[in-house]
2 protein chains.
Amino acid sequence: MDTTNKKILLVEDDPNFGAVLKDYLIINDFDVTLAKNGMEGFEKFKKDNYDLCILDVMMPYKDGYTLAREIREKNKEVPIIFLTAKSMKEDVLKGYKVGADDYLNKPFDSEVLLMKIKAIIMRKASETKTDNTRFEFEIGKFHLNSKLRFLTFPGDEPIKLSPKENELLKMLALHENDLMPRELALTKIWRDDNYFTSRSMDVYIAKLRKYLKQDDEVEILNIHGEGFRLVVKGKAAE
Amino acid sequence: MDTTNKKILLVEDDPNFGAVLKDYLIINDFDVTLAKNGMEGFEKFKKDNYDLCILDVMMPYKDGYTLAREIREKNKEVPIIFLTAKSMKEDVLKGYKVGADDYLNKPFDSEVLLMKIKAIIMRKASETKTDNTRFEFEIGKFHLNSKLRFLTFPGDEPIKLSPKENELLKMLALHENDLMPRELALTKIWRDDNYFTSRSMDVYIAKLRKYLKQDDEVEILNIHGEGFRLVVKGKAAE
DNA sequence: AAAAACATTAACCAAACATTAACATCTGCT
DNA sequence: AGCAGATGTTAATGTTTGGTTAATGTTTTT
């Protein structure tokens with residue numbers, strides 16, 4: 001997975017250290033927002049959606065734990081890493097109670113922090129991966145469930161789709177009314193782009209056309225030498 | 001949530017330290033299995049289902065990283081904590097690359113370890129879909145009690161289920177009307193995903209279908225190459 | 001130690017799926 | 001018009017996966 005451009009909220013009261021760390025993270029392709037204290041941190045947190053929060057523990061007005069607790073009230077998911085100068089046991093325990101994901105004692109190695117950040121973000125990503133991909137589509141009167149691999153036409157029994165049929169129709173649906181380049185389907189679905197896979201794809205296009213024949217508002221057009229286009233009449237090409 | 005009786009695999013070659021740590025964890029209501037080296041650790045891992053692995057990095061025959069990699073091949077979910085005597089940066093980075101969830105330098109504070117363990121287990125528990133707290137299910141006209149391993153059809157004697165039958169049906173029920181991936185059942189129930197376990201699972205599917213035949217509103221469908229789907233007619237696919 | 005319960009492996013068949021072949025048709029081009 | 005390459009379609013062939021029953025191991029119970 002790629003952690004590029006993930007949004008990080010960094011709350012750190014020491015302006016020098018904060019600026020340096022922010023720049024270091026930006027150089028490593030994160031999208032960093034810096035807040036100078038707990039108050040400001042919470043305001044910024046409410047205004048945006050972050051993939052990770054890095055909180056300094058020792059801060060004036062509002063310390064890191066208090067801020068973490070407020071953040072947790074709003075969002076029970078977002079990972080939190082604490083930064084602390086002292087490595088007092090009580091502090092560490094307190095941090096975990098508040099729901100920290102990790103803990104770092106200053107001075108820390110910047111590469112280690114980077115690794116922790118990536119590990120934590122990837123962990124979160126892999127947990128939510130099941131539902132972030134679209135798998136249901138409306139195609140004219142049809143309904144496609146690409147997870148269970150069936151295509152339903154109101155009144156009829158659902159049509160079971162083979163894996164290839166399913167992926168191909170899904171890819172067409174993702175480009176509804178627009179060109180779906182031949183090459184795209186071949187590289188993504190067949191993982192190879194040659195004469196035979198191309199012919200195979202044509203066979204599947206024929207199968208899909210047969211399924212979709214029931215609704216004359218829906219058809220798969222060929223764009224010679226380019227690819228295919230799933231058109232649904234009554235819908236603009238946008 | 002409660003972390004009581006969670007199963008921990010502890011792999012530590014120093015017998016004194018290992019025994020002490022094991023006892024300490026047992027006192028704190030964990031169910032601990034101790035392995036003396038990487039080999040033994042992997043054998044024990046394959047034989048059981050653990051909620052957490054604590055691995056010493058420095059071990060004869062097979063070091064902690066190698067073991068972690070093997071564990072990850074079998075199970076991409078289980079949390080791993082590394083213990084290491086040295087706090088070398090390279091080691092820490094290596095650990096995170098292998099998919100560690102946390103890192104502890106010896107000597108460490110036992111209370112901190114405990115807190116980390118709880119934090120990590122709770123985090124996993126809140127994510128995982130395999131809700132092992134539920135044990136009663138309504139499946140069409142059937143009632144499944146997966147604790148007592150009974151499947152009841154109104155009017156008939158309850159059918160006694162074998163452990164495998166029971167776990168498989170439970171897993172299907174947890175995904176009612178949705179896809180239950182083959183791989184999921186194999187890794188969770190059979191703890192291994194290969195040709196033979198897969199064939200074994202098919203045998204169990206046949207057995208379950210036989211039991212469920214009495215209610216024609218209930219059936220187990222196959223989704224070729226993906227897994228199975230327990231459908232209860234009259235219920236939407238959601 | 002024998003029996004019962006459970007789990008795995010084997011063997012065979014059927015279904016599902018993917019690819020290839022063969023031939024018909026269409027498209028853009030000169 | 002006529003050609004070449006691309007596409008449409010159906011059928012045949014080949015491969016993988018699943019369904020089922022029975023035989024063989026293994027573990028637990030009696």
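Residues numbered from 1 in each chain as written. Chains lettered and ligands numbered in written order. Predicted model: local features only at pLDDT ≥ 70, side-chain atom pairs only at ≥ 80, totals over all residues. Heavy atoms only, no water.

Visitor: Provide a residue-level description of the protein's contact with DNA strand C, including the pertinent values.
Guide: The local shell around DNA strand C holds 22 residues, among which S162(A), W190(A), Y204(A), S162(B) and W190(B) are the closest. Among atoms of DNA strand C positioned within 4 Å of the protein, sugar and phosphate together represent 78%. Taking R149(A), its side chain carries an N or O atom lying 3.2 Å from a phosphate oxygen of DNA strand C. Elements supplying a minimum of two residues to the surface near DNA strand C: α6 (163–174) and α8 (195–212) of chain A together with α6 (163–174) and α8 (195–212) of chain B. (Near = heavy atom within 4 Å. Polar contact = N/O pair within 3.5 Å; in protein donor to acceptor, adjacent residues only side chain to side chain. Helix = DSSP H or I, 4+ residues; strand = E, 2+ residues; numbered from the N terminus.)

Visitor: Tell me what's going on with the packing of α6(A) against α8(A), and back it up with residues and numbers.
Guide: Residues and elements named next belong to chain A. Interhelical geometry of α6 versus α8 gives an angle of 75 degrees and a closest axis separation of 10 Å. One way to sum up the angle between α6 and α8 is to call them roughly perpendicular. Between α6, through K164, E165, L168, L169 and L172, and α8, the contact on the second element is made entirely by M201, Y204, I205, K207, L208, Y211 and L212. Residues that form the contact of α6 with α8 fall into these classes: nine nonpolar, no polar and three charged. (Axes fitted to C-alpha atoms, helices over the stretch in contact; angles between N-to-C directions. Parallel < 35°, antiparallel > 145°, perpendicular 65-115°, else oblique. Contact = heavy atoms within 4.5 Å. Nonpolar A, V, L, I, M, F, W, Y, C, P; charged D, E, K, R; others polar.)

Visitor: Tell me about the UniProt feature "domain: OmpR/PhoB-type" (unreviewed entry) in chain A, and please be specific about residues and values.
Guide: According to UniProt, the "domain: OmpR/PhoB-type" (unreviewed entry) feature falls on residues 134–232 of chain A. Secondary structure across residues 134–232 of chain A divides into 39% helix and 28% strand, with the first and last C-alpha atoms of the span separated by 19 Å. (UniProt positions renumbered as here; feature names shortened; annotations may be inferred.)

Visitor: Kindly report on the pattern of salt bridges, identifying the contributing residues and their values.
Guide: Between side chains of opposite charge, a pair can form when the charged atoms approach closely. Scanning the entire structure with this criterion turns up 19 salt bridges over all chains. E226(B) serves as the salt-bridge partner of R149(A), at 3.8 Å between the closest nitrogen and oxygen. In this pair, R149(A) sits in the loop between β7 (142–145) and β8 (150–152) while E226(B) sits in the loop between β11 (218–223) and β12 (227–232), so the two residues belong to two different chains. On the accessibility criterion, R149(A) (7% relative accessible area) is buried. A residue is classified by how much of its surface remains accessible, and E226(B), at 36% relative accessible area, is partly exposed. Here K141(B) makes a salt bridge to D215(B), at a shortest N to O gap of 3.4 Å. Remark: D215(B) occurs in the loop between α8 and β11 and K141(B) occurs in the loop between β6 (136–139) and β7 (142–145); sequence separation between them is 74 residues. The exposure class assigned to K141(B) is partly exposed, which follows from its relative accessible area of 47%. (Salt bridge = Lys/Arg side-chain N within 4 Å of Asp/Glu carboxyl O. Buried < 20%, exposed > 50% of the residue type's maximum accessible area, 1.4 Å probe, protein only.)

Visitor: Lay out the sheet that holds strand β6 (residues 136–139) of chain A in plain terms, naming residues and giving numbers.
Guide: Paired through their backbone hydrogen bonds, the strands of a sheet run either parallel or antiparallel. Residues and elements named next belong to chain A. In spatial order, the strands read β6-β7-β8-β9; together these four strands make up an open sheet with antiparallel pairing. The open sheet terminates on both sides in strands that have one partner only, identified here as β6 and β9 (159–160). Relative to β9, β8 is paired through two bridges, and the arrangement is antiparallel. Bridge pairing links F150 to K160 in β9. Its contacts with the sheet place α6 against β6, β7, β8 and β9, and it is angled at close to 70 degrees to β6. (Pairing = 2+ DSSP bridges.)

Visitor: Provide a residue-level description of the packing of aromatic side chains, including the pertinent values.
Guide: A complete count under the given rule lists 10 aromatic pairs over all chains for this structure. Taking 5.2 Å as the distance between ring centres and 55 degrees as the angle between the ring planes, the aromatic pair formed by Y65(A) and F82(A) counts as tilted. Residue Y65(A) is found in helix α3 (residues 64–74), and its partner F82(A) is found in strand β4 (residues 80–84); the two are separated by 17 residues along the sequence. Over the aromatic face of F135(A) sits the side chain of K147(A), whose NZ or CZ is 5.3 Å from the ring centroid. The side chain of K7(B) reaches across the aromatic face of Y50(B), ending 5.7 Å from its centre. (Phe/Tyr/Trp six-rings, centres within 6.5 Å; stacked < 30°, edge-to-face > 60°. Lys NZ or Arg CZ within 6 Å of the ring centre and 35° of its normal.)

Visitor: Which residues make up the pairing of strand β2 (residues 31–35) of chain B, and what are the values?
Guide: Residues and elements named next belong to chain B. Sheet analysis places strand β1 (residues 7–11) next to β2, joined by five bridges and oriented parallel. Bridging from a neighbouring strand, L10 pairs with L34 of β2. Assessed by its sense of winding, the connection that carries the chain from β1 through helix α1 (residues 15–27) to β2 is right-handed. (Right-handed = clockwise from strand over helix to strand, strands pointing away.)

Visitor: Residues and numbers for the domain arrangement of chain A, please.
Guide: On domain assignment, one finds that chain A holds domain 1 (7–131) and domain 2 (136–232). Distance between the C-alpha centres of domain 1 of chain A and domain 2 of chain A: 45 Å. (Domains from an automatic or database assignment.)

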